[in-house]
Amino acid sequence: MLLKDIRNLTRLKLSRRQIHIPATPSPLFLEPTRAFAKPRAVQPLISSRWLQTSQRRGAKKKVTLALNDIQQGAIETVALPPQDDAEPRYPPLLQQVRNNMLKFSHCVLVTRVGGFYELYFEHADEFAPLLNLKKSKRKALRGSKRPAISMSGFPAYQLDRYLKILVQDLNKHVAISDEFLNDAPTKAKGEPQYTRRVTRIVTPGTLIDEHFMDPWENNYLLSIHVDPEVFKKEKTVKESPGSSSVSSVLNLPRTEVGLAWIDLSSGDFLTQSTDIASLPSAVARIKPREIVLDSIFQEQDHSRIVSIMQEDGHVITFQEPSQEPLTVKDWIPMLEDAVYDFDTANFTASEIAAGGSLLHYVKHQLLGSRTRLQAPVRHQPGEHMSIDKNSLKALEIRSTIRDGTYEGSLLHSLKKTVTKSGTRLLTQRLSAPSMSLSTINDRLDLVEEMIQYPQLRQDIVSLLEQTFDSLRIVTKFTYGRGDADDLMELSKTIATTSDILNTLRQHASLRNAIPIDYTMAASETQRRQCISTLERRFNLAQPLELAHRIEHAIDEEGLSEYHRIEDEAESEMSDLAQDVLGREAGEEDLKEMPKRIQPKPHMIVGSFKSATDGRDDVHIMKRDASTTLERLHNTLDAMGETKANMERELRQKMGTESLVLKWTPNLAHIAHVKGKDAARATAHYPRSLSSSKSTRSFQVPEWTQLGAQMDETRFRIRTEEQRVLGELREAVVRNLVKLRRNAAVLDELDVACAFAILAVEKNFIRPILSAEPSHTIVGGRHPVVEAGLGEQGRKFAPNDCQLGDKERIWLITGPNMAGKSTYLRQNALISILAQTGSFVPAEYAEIGLVDKVFSRVGSADNLYQDQSTFMVEMLETAQILKEATPRSFVIMDEVGRGTTPEDGIAVGYACLHHLYHVNQSRTLFATHFHALTEMTKDFEKLGCYCNDVVEEPDGKFSYVHRLRKGVNRESHALKVARVAGLPEEAIALAAKVLKQLKGATNGTAKASTNGTHLKGRVDNATIHTQRQKQAMDA
């Protein structure tokens, strides 16, 4: 019975001793073709050993098996494995997207799909409205019952536009996932056509060459290292009534803090060691786009430093520390090749820790891309003037205090630079002026040389305008991002640098031919050396060779034509983009888009366009860029002539004048005729590939063969172009150090020329710098206010200032709106300008070096930190009293005005006393508390000065902005109120009340004044206590 069943089921041919089984077994014996689904109705009737024997592959058509080998009796069965007939969760594209989203969960993922970058799932839901993108839904699989998936996208050439919104405006981290075509063996294994993997993570501090970067400012990434255990040792934050805590660095333990910051776009790498108290000012000076902290600072116990940084609006990123902290030796692989001036012993432990954390973060964000940073420069606080955070704002050095805008700032007023990198250097110098007399005088010598020789200045400025931002250009090549346009810009910059060097040499030779004026021999000799010093810093031998190679290789006209056609393609692409996305654009939809409108990735490319599409090829490399390229072009030209001859012969042979040999995406290499010629061509080539009423396309074997050869030649041309461009890119990297140093010299020339132009236009003079703690200004002016008044046709009233051994503090009184705050600020700015290396707005200036500038001017509250206006004022005052030194310059305006008059006088006196006896700083102190002038009469080195109001008989008045020695006890507040537009009834009532108050307090004021004179000299603490008590009693 068993044998009969076998016959019926398998139709085996039996003989007396043998059974013949067909070479292609029945479905009974083999697994069916459907994957993961075996038939359950029929159980296998043959043992597994026999089944394995029957399925051996070979050349035979049948398998012979002895009858005795067939198992008799009941056949053992094996339970089928559990079957999973559920549909896949996502198709390959969406599965890759989901995997990347899980891997880079802290980022917004944008995925390249054909000519688009797309967002999926929750990222599309959250960010499509913020990016003003149309959001659509698509099914994960056709016929799937799963919920539709959200998606949105934008054309690939608009990547920078949307990165700006995500990274700069929203402060997000963006992971860019690009697509890579899998090779045939990989696809044969069942992998999808494309693999999509994240190639880079873009954060606010890791921008490299994005078009939305501000070219006039550095894009710094800062790492801060501070020992978190310090905050556990001592709970120093004091509780105050009505406030949770005072968020001040002054209330934290004084511990060392390591800073390290880089600009990936230019390769700048700097470090600094500071302390907690100076940390906010150091961060404000650096102005980072992103701050990196160890993840431990996310904990509540260590969050105070984070809140202090966030208070200033900084973007903070937390990262897990590396398992093995990086040492200084670990930095070297990420630096440029020539680091012989890199002394590893100069860095403190905190700086090394901060630098290691920073480079670890960069390496992670760039996903393995090698960096070639410049050798790290240690920022020594003793070598630079410190401008604290409040002074940077109050003096409006980089932005205005009211609107935070660039227009109206000191930088805006001084900016006469013509290059982007020169402007960045100017900003750095204004934020951290030098403390070295030799460095300052060298800068001033160069500025004076440019002033004295205007033709030299004009020639240098004209040449600088022809240069490009070579510092950022060469850095792009270290990341493999430089393209043909960058090479051309670099070549032009090198050539222009050579012209600048020749101009300097010519000037130096003519200058040396002029006899030295022996009345000024020392200064004249020193000034002549400044040009020669710049000459020696240029290194142009190898860069010039590189420039010649670039000019010889790249076809500038072809490059322009390439960009023209690329712009046309982008224009066409933008018209279709949203329409395609509206149809749930996935890979299938994008494949239907014409290839001619697909955007090209921004990278080094050779010839583009299809090989034989009937249009002229556009090449960005010259034909003779290499011998191989020249030979390939000659071969292609010969083939082009062969094609023309073939076309002419076919026309003559068939009598078809309209015949054209061409290439199309669908039919490849064809011959095309139209009109009556279609019938004539049929006799010779009866088989048509496509036809219509008036046209016909057919294949010509000779043309098919020739076209394939032309395609191959064009492909080889593109490959050779890529090779030549790759060599040029490597040559740029080999010259990296020389190019960066040449760029640094150009920046210094740009700043010197800018200062010279400013001095000529604004009538600035050269300051005299010394090591004495003095400040002598004659006819000083505020550079920004003067420029604003000049636009209105008004003149600025200059003022003198003499602080030194005789008078170390000036106590200034006077009416509102008379210019006290302007006077305070202008003297601080003159010191900053002088140590920056600029001429200053004055008739005469002799300035002792200033190590720190402090200011307490203006008023503002900080409600987010639960700080009133007076609390903010006191925090700023505390910073000054604790940090100012005898070499510092302090300006304080209206200290104590945020509280009662009695308390305000007490606080103001205490500050003056501390500044006079303890800090001993050069100080300008403006106040409306006139009692302070009497209370400080015994301060021998304190002088009282004031400005006035001139009143006319008809009630009109004008301010006298010039200061005079003495005290003005009238603030004239009602005059300012009337100018501001207060109702006359209110003004009249205020005048009446003021008169009554003055009469009532006249006797009290006299008693108070008489009580402030102290007899004898006691220690500073006693003086402080007694006088504060007397002021409070008064």
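Residues numbered from 1 in each chain as written. Predicted model: local features only at pLDDT ≥ 70, side-chain atom pairs only at ≥ 80, totals over all residues. Heavy atoms only, no water.

Student: What exactly am I supposed to notice about the pairing of strand E17 (residues 660-664) here?
Tutor: Along any regular strand, the residues point their side chains to alternate faces of the sheet. Pairing of E17 with strand E18 (residues 668-674), which is carried by five bridges, proceeds in the antiparallel orientation. By the bridge assignment, Lys662 is partnered in E18 with Ile670. Connecting E17 to the antiparallel partner E18 that follows it, the hairpin turn spans three residues. (Pairing = 2+ DSSP bridges. Helix = DSSP H or I, 4+ residues; strand = E, 2+ residues; numbered from the N terminus.)

Student: Explanation requested: the UniProt feature "domain: DNA mismatch repair proteins mutS family" (unreviewed entry) in the protein in the structure shown.
Tutor: Under the UniProt annotation, "domain: DNA mismatch repair proteins mutS family" (unreviewed entry) lies at residues 888-904. Secondary structure within residues 888-904 divides into 24% helix and 29% strand; the distance between the first and last C-alpha atoms comes to 24 Å. (UniProt positions renumbered as here; feature names shortened; annotations may be inferred.)

Student: Help me understand helix H27 (residues 783-791), please; the structure alone is not making it clear to me.
Tutor: It helps to recall that an α-helix has 3.6 residues per turn; residues three or four apart then point in one direction. Every buried residue belonging to H27 is among Pro783, Val784 and Leu789, and all of these are buried. Those residues of H27 that are buried are in contact with helix H13 (410-414) and helix H28 (820-836). Once H27 ends, the next one or two residues include Gly793, with phi positive near 80 degrees. (Buried < 20%, exposed > 50% of the residue type's maximum accessible area, 1.4 Å probe, protein only. Contact = heavy atoms within 4.5 Å.)

Student: What should I look at first to understand the pattern of salt bridges in this one?
Tutor: Opposite charge on two side chains permits pairing when their charged atoms draw close. Summed over the entire model, instances satisfying the criterion amount to 32 salt bridges. The salt bridge involving Asp125 is made with Lys135; its shortest N-O contact spans 3.1 Å. Note that Asp125 is positioned in helix H4 (residues 121-127) and Lys135 in the loop between H4 and strand E6 (136-138), a separation of 10 residues in sequence. For Asp125, a relative accessible area of 35% gives the class partly exposed. Across the pair Lys164 and Asp169 runs a salt bridge, and its minimum N-O distance is 3.6 Å. Under the relative-accessibility criterion, Lys164 is labelled partly exposed at 32%. With relative accessibility at 45%, the residue Asp169 sits in the partly exposed group. (Salt bridge = Lys/Arg side-chain N within 4 Å of Asp/Glu carboxyl O.)

Student: What is the right way to read the sheet that holds E18 from this model?
Tutor: Read from one edge to the other, the open sheet built from four strands follows the order E17-E18-E20-E19, with strand pairing classed as antiparallel. One side of each edge strand has no neighbouring strand; the edge strands of this open sheet are E17 and strand E19 (690-691). Its contacts with the sheet put helix H23 (residues 627-654) on E17 and strand E20 (695-698), and the angle it makes with E17 is roughly 120 degrees. Packed on one face of the sheet, helix H25 (residues 701-734) meets E17 and E18 and runs near 130 degrees to E18. (Axes fitted to C-alpha atoms, helices over the stretch in contact; angles between N-to-C directions.)

Student: Help me understand the side chain of Ser774 in this model?
Tutor: With respect to the element layout, Ser774 can be found in the loop between strand E21 (768-770) and strand E22 (775-780). Filtering out sequence-adjacent residues up to four positions away, Ser774 remains in contact with Leu803, Gly804, Glu846, Ile847, Gly848 and Arg922.

Student: Teacher, can you tell me more about unusual backbone geometry here?
Tutor: Negative phi characterises most residues that are not glycine, and trans characterises most peptide bonds. For Phe121, which is not a glycine, the phi torsion comes out positive at approximately 55 degrees. By the element assignment, Phe121 lies in helix H4. One non-glycine residue, Glu894, lies in positive phi territory at about 60 degrees. With respect to the helices and strands, the residue Glu894 is situated in the loop between strand E27 (889-893) and helix H30 (901-919). Relative accessible area serves as the criterion here: at 10%, Glu894 is assigned to the buried category.

Student: How should I be thinking about helix H26 (residues 736-762) in this particular structure?
Tutor: Between its terminal C-alpha atoms H26 stretches 39 Å, which fits the 39 Å expected from 27 residues at 1.5 Å a residue. In terms of residue burial, H26 counts as a mostly covered element, since 20 of its 27 residues are buried. One or two steps after H26, the chain reaches Asn763, where phi turns positive at roughly 60 degrees. (Expected span 1.5 Å × (residues − 1).)

Student: In this structure, what is going on with a nonpolar patch on the surface? I would like to understand it.
Tutor: The grouping of Leu989, Val993 and Leu997 at the surface amounts to a nonpolar patch, some 270 Å² of accessible area in total. Examined against the element boundaries, Val993 turns out to sit in helix H33 (residues 984-1010). Overall, the relative accessible area of 35% leaves Val993 in the partly exposed class. (Patch = residues over 30% accessible without salt bridge, like charges linked within 9 Å, V, L, I, M, F, W, Y side chains within 5 Å. Areas by Shrake-Rupley, 256 points an atom, 1.4 Å probe, with all protein chains shown as cover.)

Student: Would you mind showing me how to read the sheet that holds E21 here?
Tutor: Two orientations exist for strands paired in a sheet by backbone hydrogen bonds: parallel and antiparallel. If you walk across this open sheet you meet the four strands as E21-E25-E22-E23, and the pairing is mixed. A single partner strand is all that each edge strand has here, and the edge strands are E21 and strand E23 (799-803). Averaged over all neighbouring strand pairs, the angle between strand axes comes to 15 degrees, with direction disregarded. Judged from the four bridges that link them, E22 and strand E25 (residues 844-848) form a sheet pairing that is antiparallel. Bridge pairing in E25 places Val778 opposite Tyr844. Packing of H28 onto the sheet brings it into contact with E21, E22, E23 and E25, and relative to E22 it is tilted by some 110 degrees.

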